[in-house]
Amino acid sequence: MPINPYDNPVMWVFLYEKGYQSRDGVISSVSVKLKGLTLTNVSGMGPHIWDGTDYVFPPQGDSSSVVMTNFIITQGQKQGRCPGNPDTGKCVEDHNCTEGKYHRGGQGIMTGKCVNFDRTTKTCEIFGWCPVEIDDIVPNPPLLLEAEKFTLFIKNSITFPRFKVSRRNLVERVTKNYLKSCTYHKVQNPLCPVFELGYIVEESGQKFSTLAQKGGVVGITISWDCDLDWPVKHCIPIYNFHGLYNDDNLSPGFNFRYAKYYRENGSDVRTLYKVFGIRFDILVNGKAGKFDIIPTMTTIGSGIGIFGVASVLCDLLLLHFLPKRDYYKQKKFKYAEQDSLKPAKGEAISSSMCNLQEKENASS
């Protein structure tokens, strides 16, 4: 019957856990580039082309980037007085609106007046950017649903300082021509650093159209597990994708706001965007190992010590705690009576007489 070395705990530590190697952690840097174009035709905005400059935040691209997939636009905002958003509270009389106070979730400072928001609703007048944003209805389907076909180019550089080994995810098999045409696939192209956003979301266990409407978060992990006893070309990255979005009724999705400012008739005017997007967080982890005589000898010595301790523990259990401990004692120890080792008295006298006769014969 063949012997499996992993059945032995010492062999497990030595071979599988590579107890003969010293270890080092990874130091990493990540940058990204997103590419893709899409066209929208939103009321009040008209046909508009969106490229990476418009829908990527921050524009320089780092280990955490947001891709806009949906938005609510409020155009022509100027600083002035206007009715507040009904979602922040309604009023009946002026005394319901405290002058100079800011309502939590409000969009300006209350002036102390209760005014008509529409024919049926009255709200506190505010001083702020007017008209106020109304974000009750989120566009569905998402306005930038084509972002599913956008591509994310990840550049990752790592180093193992202890072994003075540096690597990039653009490994030897990733050539210039290959990089121009490849798209990552976990089976067909596992080393390609160009990813379709739709594929990333799908591999994370989520649906892109659902995530794109109100936004969400996806984690991308790059793992470097390198055995430097082999040529360094075998040290390659492994990509994995994780859904970090929890679809519930309490503050769902991921969103933020930004504005584009301009001057009109001597006044500051802005267009406010409430952006819904998918945030991609790129996390790098890794370790490297290389043969070292010190951990090798330590592992061997520890293994020998384990066997010694195991023998003592087994004897302790068998001799003192098990029900058949007396039987085990009989088999382990052999008792010899001291009297059985002494010769009988008659045998001793007979033996002395024989020795005396032998001496006399020899002298004659």
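Everything in this summary refers to the structure shown in the same document.

## A few points about the overall build of the protein
Thought 1: Helix and strand content of the protein: 8 helices and 15 strands.
Thought 2: Out of the 364 residues in the protein, the part that is buried amounts to 35%.
Thought 3: Summarising the internal contacts of the protein: among those between residues at least 6 apart in sequence, 66% fall at separations of at least 24.
Thought 4: When the accessible surface of the protein is split by element, carbon and sulfur atoms take 55% of a total near 23200 Å².

## Some points on the side chain of Asn169
Thought 1: Tracing the backbone shows Asn169 in the loop between strand 10 (165-168) and helix 3 (176-181).
Thought 2: For Asn169, a relative accessible area of 0% gives the class buried.
Thought 3: One polar contact links the side chain of Asn169 to the main-chain amide nitrogen of Asn156, over a distance of 2.9 Å.
Thought 4: Excluding its chain neighbours within four sequence positions, the residues that come into contact with Asn169 are Ile154, Lys155, Asn156, Val174, Leu191, Pro193, Trp224, Pro237 and Tyr239.

## Details of unusual backbone geometry
Thought 1: Of the consecutive residues Phe57 and Pro58, the connecting peptide bond is found in the cis state with omega at -10 degrees.
Thought 2: Within the element layout of this structure, Pro58 appears in the loop between strand 5 (56-57) and strand 6 (64-83).
Thought 3: Of note, the amide linkage connecting Cys130 to Pro131 takes the cis form, showing an omega dihedral of 0 degrees.
Thought 4: For Pro131, the location among the structural elements is in the loop between strand 8 (122-130) and strand 9 (151-160).
Thought 5: The phi angle at Lys164 is positive, at roughly 55 degrees, despite the residue not being glycine.
Thought 6: Tracing the sequence through the fold places Lys164 in the loop between strand 9 and strand 10.
Thought 7: Not every positive phi belongs to a glycine, and Asn265 is a case in point at roughly 55 degrees.

## Examining the pattern of salt bridges
Thought 1: Taken as a whole and assessed by the stated rule, the structure comprises 11 salt bridges.
Thought 2: The residue Glu264 makes a salt bridge to Lys78 at a minimum N-O spacing of 3.5 Å. Of the two residues, Glu264 sits in strand 14 (residues 255-264) while Lys78 sits in strand 6, which places them 186 residues apart along the sequence.
Thought 3: Between Arg81 and Glu125 there is a salt bridge, and its shortest N-O distance comes to 3.7 Å. Here Arg81, found in strand 6, pairs with Glu125, found in strand 8; they are 44 residues apart in sequence, far enough to count as distant.
Thought 4: Residue class for Arg81 comes out exposed when judged on its relative accessible area of 55%.

What counts, and where the lines are drawn
Residues numbered from 1 in each chain as written. Predicted model: local features only at pLDDT ≥ 70, side-chain atom pairs only at ≥ 80, totals over all residues. Heavy atoms only, no water. Helix = DSSP H or I, 4+ residues; strand = E, 2+ residues; numbered from the N terminus. Buried < 20%, exposed > 50% of the residue type's maximum accessible area, 1.4 Å probe, protein only. Contact = heavy atoms within 4.5 Å. Areas by Shrake-Rupley, 256 points an atom, 1.4 Å probe, with all protein chains shown as cover. Polar contact = N/O pair within 3.5 Å; in protein donor to acceptor, adjacent residues only side chain to side chain. Salt bridge = Lys/Arg side-chain N within 4 Å of Asp/Glu carboxyl O.

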